[in-house]
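Structure at a glance
Listed below are the residues making up each chain.
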Amino acid sequence: MESAEPDAGRRWLKVAGLDELAEGRVKAVTCEHQTICLTHFEGRYGALDNRCPHQGGPLGEGSIENGLLRCPWHGWDFDPLTGKPPGFDDGVETFPVEVREDGVYVGFATEETPVRTVTDVMVETMVNWGVRFVWGIVGHSNLGLADALRRQEVAGKLTFFGVRHEGAASFAASAYGKLTGRPAACLSIAGPGATNLLTGLWDANVDRSPVLALTGQVDTQVLGPGAFQEIDLTAAFGKVAQWTQPVLASSRHAELVNLALKSAILNRGVSHLIFPDEVQTQPAAAGARAGSAEGRLTARTITPPEESLEAAVALLGESKRPVIIVGHGARFEMDSVMAVAERLSCPVLTTFKAKGLVSDHHPLGCGVLGRSGTPIASWFMNEADCLLVFGASFSNHTGITPKKPTIQVDFDPMILGKFHAVDVPVWGEIGVTAKLMAGRLGQAAAIDQRGEIVERWAIWRREKERREGETRGLGVASASIFAAMNRQVPEDAIIAVDVGNNTYSFGRYFECRRQAVLMSGYLGSIGFAYPAAMGAWAATQEDDPRFAGRPVVAVSGDGGFGQYLGELTTAVKYDMNITHILVNNNELGKISKEQRSGDWDVWQTSLHNPDFARFAELCGARGERVVDASELDGAMERALEHQGPSLVEIIADAELV
Ligand SMILES: Cc1ncc(C[n+]2csc(CCOP(=O)(O)OP(=O)(O)O)c2C)c(N)n1
Ligand SMILES: [Mg+2]
């Protein structure tokens, strides 16, 4: 819009050219923050507020019938020039119009300074707590809140990513929380947007990731009888969120956010705030102060009870072949855990979720235990005479044996001895406990198992090489795919994996150096990898030295990726540097295998796929297609070098896993 000189407190803006609006027509014109309905009737122009006073219908989408402008929603009539309904004095606000040489001008009232709303205070509080990213979809029932987010984004305090499905928003936030230990947020409207968030929020809940869920809601006035898009959000989120509250007109708004974030961080889970529509734009009290984390968070470096520590050290001291098993809970404490391992010269195995917490090239690293694991890890567990377990939850998937003397260390007393009795449950923070243990281990009886570790790796690596050579002419073998990843993926990459045979093979064949691995652990949801990579990518854009600038890779099957295909366009839109390795075997491979092993007929597991590499190109990403193992390295190298989203589609043999 061109602006002309101010006139009596108004700003005159050009809203249309002289030939732009035909006689008898109307249209909506947006100037800066205001939308008007421009009419052209009997040679004159009118400028009316675009909102019908009846239900807010968009008058600019209406039409002039029998000399009257009709609201497109409910047929209310207005004079197209004066804005008055026939027979009434009130009507729609109008604005002065001038037809000048170069076009039609409207005199807008000078814009008022925007009012600071309660949602402004709340979003400022989120920012103060360190929430830097929000993934979601803006829409009806969250627009006031969205505007508060926008204002913080304009101020450079947070970044919003508009995704294509809210499920991707919650997965991204969950993955960000798993990786960093810090909360991010996801945003949806009421009803369908909120229900779409649920899967990713359950992922966060069961994997103990801090996430803040922000959902719109219908006006409080119409809550209850079942208004459009109204669902009982407190009930729907009641099980997944360990803290959920509606934001009411009389709430202490900053305090609600303080509590939501305190709870998400300390309870390591989902907090949920419900924003009824009309509350979002409610003006904040004059001078209302945003909240912050100051004085709200305690250090959690809790020392275990003396007797537990003594019992643990005594058992360890007499063990000849102890092994350490680490779970995701040890993610930020590996230095202390490794100090214990070094003291005992004992193998360190990980759960699948903790893959990579110890390098597979470390002299004590023995890879993943259990169904997605290596024979090295299971061999050492079977030979062990004592298990020292840090931050693992004893899932079936990992299969930590109940038959060995076990010391279990966890910050959560409910996890201790959760599935079976353990000999020495130790309630303490992992870093503190491991440090104390390392310091107290005197003359340990443990033998040095390093030599055996070297032997076991050699046996396994020979077997992997044999599997790489396998081919049936039906696609690339998984062992080859992950061997190529071993060669190509940078040491410091963050790798988000999915669920399925591709993921099991990744667990088995890929050897981590310093890479961090993210997965949907307890929920085990297919579709996680790509949105999770978007969450991880956000962490690489911050100045947290643990993640800044690290490359991000996603690995999934064709089934899993199919659930969030649209997010490739999100990655392109925000220029996210994510390399996606897509293991395409044209089926839900893991399910076919399960059907076969359960003596079921293989049924409904085949997939009809697009050419994913071309699909990626159509989305604006880089696409590579691999049909032979010899092409793997080149394709991965080019994709990793590409600055922006890229996808390597590998035609894989569903049987060679
Ligand atoms: C949301 C969700 N739906 C269904 C499943 C069950 N499931 C587990 S693995 C799998 C197949 C995945 O297929 P694909 O991504 O192609 O991987 P593949 O096993 O072929 O490597 C399915 C459907 C699940 N885990 N999560
Ligand atoms: Mg598949």
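Residues numbered from 1 in each chain as written. Chains lettered and ligands numbered in written order. Predicted model: local features only at pLDDT ≥ 70, side-chain atom pairs only at ≥ 80, totals over all residues. Heavy atoms only, no water.

With respect to the overall build of the protein
Of the regular secondary structure elements, the protein holds 20 helices and 28 strands. Its C-alpha atoms give the protein principal-axis dimensions of about 100 × 60 × 45 Å. Looking at the protein residue by residue over its 657 residues, the buried ones come to 55%. Element-wise, carbon and sulfur atoms account for 51% of the exposed surface of the protein, whose accessible area totals about 27700 Å². Side chains of the protein carry 60 positive and 81 negative charges; the gap between the two charge centres is 7 Å. (Helix = DSSP H or I, 4+ residues; strand = E, 2+ residues; numbered from the N terminus. Buried < 20%, exposed > 50% of the residue type's maximum accessible area, 1.4 Å probe, protein only. Areas by Shrake-Rupley, 256 points an atom, 1.4 Å probe, with all protein chains shown as cover. Lys, Arg positive; Asp, Glu negative; His and termini not counted. Charge placed at Lys NZ, Arg CZ, Asp CG, Glu CD.)

Structural notes on the sheet that holds strand 6 (residues 68–70)
Judged by pairing direction, the sheet is antiparallel, and its 3 strands sit side by side in the order 5-6-7 without closing on themselves. Each having just a single partner strand, strand 5 (63–65) and strand 7 (77–78) make up the two edges of the open sheet. (Pairing = 2+ DSSP bridges.)

Comments concerning the layout of surface pockets
Its volume calculated, the largest pocket comes out at about 1800 Å³. For the largest pocket, the lining is made up of 42 residues, of which His33, Arg51, Leu143, Asp147 and Thr281 are closest to its centre. Elements supplying a minimum of two residues to the lining of the largest pocket: strand 1 (10–16), strand 3 (34–41), strand 10 (103–109) and helix 2 (143–154). Of all the elements, helix 2 adds the most residues to the lining of the largest pocket, at 8 residues. (1 Å grid on protein atoms, 1.4 Å probe; cavity = no way out; pocket = protein on both sides within 12 Å on 5 of 7 lines; lining within 4 Å. Points joined across faces, edges and corners; volume = space filled by probe spheres on them.)

Side note on the coordination of the magnesium ion (ligand 2)
Coordination of the magnesium ion (ligand 2) by the protein involves Asp558 (OD), Asn585 (OD1) and Glu587 (O), with metal-donor separations of 2.1 Å. Residue classification places Asn585 among the buried positions, given a relative accessible area of 14%. (Donors = N, O, S within 2.8 Å, 3.2 Å for Na, K, Ca; no water.)

Quick look at helix 19 (residues 612–619)
Residues of helix 19 that are buried: Phe612, Ala613, Ala616 and Cys619. Viewed along the axis of helix 19, the buried residues span an arc of 120 degrees, placing them on a single side of the element. Away from its buried face, by an angle of more than 90 degrees, helix 19 presents the exposed residues Arg614 and Leu618. The elements touched by buried residues of helix 19 are helix 16 (558–563), helix 17 (567–573), strand 26 (578–584), strand 27 (622–626) and strand 28 (646–651). A side-chain oxygen of the first residue of helix 19 lies 3.2 Å from the backbone nitrogen of Ala613; this N-cap is Asp611. The positive-phi residue at the C-terminal boundary of helix 19 is Gly620, with phi of around 100 degrees. (Arc of directions from axis to C-beta. Contact = heavy atoms within 4.5 Å. Polar contact = N/O pair within 3.5 Å; in protein donor to acceptor, adjacent residues only side chain to side chain.)

Here we look at the site of ligand 1
As a matter of local geometry, ligand 1 sits amid 17 residues, with Asn501, Asp558, Gly559, Gly560 and Gly589 nearest to it. Interatomic distance of 2.7 Å between a side-chain N/O atom of Asp558 and an oxygen atom of ligand 1. Within the side chain of Asn585, a nitrogen or oxygen atom sits 2.9 Å from an oxygen atom of ligand 1. A total of 580 Å² of accessible area belongs to ligand 1 in isolation, and the protein chains cover 79% of it. Those elements giving two or more residues to the shell around ligand 1 turn out to be helix 14 (501–509), helix 16 and helix 18 (589–597). Per element, the largest residue contribution to the shell around ligand 1 is 4 residues, and it comes from helix 16. Residue composition of the shell around ligand 1, grouped by class: 3 nonpolar, 11 polar and 3 charged. (Near = heavy atom within 4 Å. Nonpolar A, V, L, I, M, F, W, Y, C, P; charged D, E, K, R; others polar.)

Points about the sheet that holds strand 18 (residues 348–350)
Strand order across the open sheet formed by 6 strands is 19-18-17-20-21-22, with parallel pairing between neighbours. With one partner strand each, in any of the chains shown, strand 19 (365–368) and strand 22 (424–427) form the two edges of the open sheet. For this sheet the average axis-to-axis angle between neighbouring strands, irrespective of direction, equals 20 degrees. Two elements, strand 20 (residues 386–390) and strand 21 (residues 406–410), share 4 bridges in a ladder whose sense is parallel. Each residue of the ladder has a partner; that of Phe390, found in strand 21, is Val409. Here helix 9 (residues 334–344) sits on the sheet and contacts strand 17 (322–326), strand 18 and strand 20; the angle it forms with strand 17, its principal contact strand, is near 165 degrees. (Axes fitted to C-alpha atoms, helices over the stretch in contact; angles between N-to-C directions.)

Thoughts on the pattern of salt bridges
Here the structure, examined in full by the defined rule, presents 34 salt bridges. Arg450 is the salt-bridge partner of Glu342, the closest N and O atoms lying 3.7 Å from each other. Placement of the pair is Glu342 in helix 9 and Arg450 in helix 12 (residues 450–468), with a sequence separation of 108 residues. Residue classification places Arg450 among the partly exposed residues on the basis of a relative accessible area of 27%. Among the charged side chains, a network of salt bridges with common partners joins Asp120, Asp147, Arg150 and Arg151. (Salt bridge = Lys/Arg side-chain N within 4 Å of Asp/Glu carboxyl O.)

Comments concerning the packing of aromatic side chains
In this structure the tally under the stated criterion is 16 aromatic pairs. Taken together, a centroid distance of 5.5 Å and an interplanar angle of 90 degrees make the contact between Phe171 and Phe528 edge-to-face. You can see Phe171 sitting in helix 3 (residues 166–180) and its partner Phe528 sitting in the loop between strand 24 (516–518) and helix 15 (529–540), a full 357 residues away along the chain. When the centroid spacing of 5.9 Å and the interplanar angle of 85 degrees are considered together, the rings of Phe171 and Tyr564 count as edge-to-face. Note that Phe171 is positioned in helix 3 and Tyr564 in the loop between helix 16 and helix 17, a separation of 393 residues in sequence. (Phe/Tyr/Trp six-rings, centres within 6.5 Å; stacked < 30°, edge-to-face > 60°.)

Observations concerning the environment of Met576
Following the sequence through the fold, Met576 ends up in the loop between helix 17 and strand 26. Residue classification places Met576 among the buried residues on the basis of a relative accessible area of 0%. C-alpha separation for the pair Met576 and Met519, spaced 57 residues apart in sequence, amounts to 19 Å. Beyond its immediate chain neighbours, meaning those up to four positions away, Met576 contacts Phe161, Met534, Trp537, Ala571, Gly644 and Pro645.

Digging into unusual backbone geometry
Although it is not a glycine, Glu32 adopts a positive phi angle of roughly 50 degrees. Structurally, Glu32 is set in the loop between strand 2 (26–31) and strand 3. For Glu32, a relative accessible area of 46% translates into the label partly exposed. The backbone of Glu42 shows a phi angle near 50 degrees, a positive value even though the residue is not glycine. With respect to the helices and strands, the residue Glu42 is situated in the loop between strand 3 and strand 4 (44–49).

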